[in-house]
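Single-letter residue listing:
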Amino acid sequence: MNIIAAVDKNWAIGCKNQLLVRIPNDQKMFRQTTTGKVVVLGRKTLETFPQGLPLPDRTNIILSSNRDYKVKDAIVVHSIEELLEELKKYDSKDIYIVGGESVYRQMLPYCDTAHLTKIDRTYEADRYFPDLDGDGGWEVTAESEEQTYFDIAYEFVEYRRSSIDF
């Protein structure tokens with residue numbers, strides 16, 4: 001299973017229910033990577049999407065503890081156990097955990113690949129991704145050349161888990 005995010009130098013991912021920054025090339029990579037795949041996200045993350053709608057051309061699975069929560073064109077599950085049961089229907093290499101913070105933290109133990117856009121900057125933030133560099137169970141397996149968007153330097157980094165804990 002995959003996890004995908006854009007993080008700053010402090011592993012921050014968001015502030016006040018918004019992304020830290022919008023980098024067109026990062027958004028393009030996200031779209032290309034996840035189109036035709038399964039994306040797993042929390043309710044708050046869904047609400048940050050355009051019109052609060054599921055991502056097109058993907059199977060959207062929303063995790064919400066609210067049992068009355070319904071989303072047109074998406075599957076809603078209410079616990080990690082229910083989510084894991086639903087995910088058995090799909091090839092794990094086609095599943096992408098896309099946020100937010102609590103979904104990342106709960107699902108990271110089940111993932112073996114992380115696709116990160118690492119932004120060489122520090123932003124004001126209130127949401128964070130787990131620090132994979134500080135976690136001995138992950139190693140960098142691919143890195144792009146450094147790229148820039150105006151004055152923002154970033155690179156695409158792939159991590160793989162050395163061992164999966166189930």
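The model shown is predicted, which means the values in this text are computed figures rather than measured ones.

Scanning the protein for helices and strands turns up 4 helices and 12 strands. Its C-alpha atoms give the protein a radius of gyration of 15 Å, near enough to 15 Å, the size a compact globule of 166 residues would have. Seen along its three principal axes, the alpha-carbon backbone of the protein occupies a region of about 45 × 35 × 30 Å. Residues classed as buried in the protein amount to 46% of the 166 residues present. Summarising the internal contacts of the protein: among those between residues at least 6 apart in sequence, 63% fall at separations of at least 24. Approximately 9,000 Å² of the protein is accessible, and the part contributed by carbon and sulfur atoms is 47%. Measuring between centres, the 21 positive side-chain charges of the protein sit 6 Å from its 28 negative side-chain charges.

An order of 3-2-9 is seen for the 3 strands of this open sheet, with the pairing classed as antiparallel. The open sheet has two edge strands with one neighbour each: strand 3 (18-19) and strand 9 (127-128). The pairing of strand 2 (residues 12-15) with strand 3 spans 2 bridges and is classified as antiparallel. Within the sheet, the bridge partner assigned to Cys 15 lies in strand 3 and is Gln 18.

The rules we used
Residues numbered from 1 in each chain as written. Predicted model: local features only at pLDDT ≥ 70, side-chain atom pairs only at ≥ 80, totals over all residues. Heavy atoms only, no water. Helix = DSSP H or I, 4+ residues; strand = E, 2+ residues; numbered from the N terminus. Rg over C-alpha atoms; globule rule 2.2 N^0.38 Å. Buried < 20%, exposed > 50% of the residue type's maximum accessible area, 1.4 Å probe, protein only. Contact = heavy atoms within 4.5 Å. Areas by Shrake-Rupley, 256 points an atom, 1.4 Å probe, with all protein chains shown as cover. Lys, Arg positive; Asp, Glu negative; His and termini not counted. Charge placed at Lys NZ, Arg CZ, Asp CG, Glu CD. Pairing = 2+ DSSP bridges.

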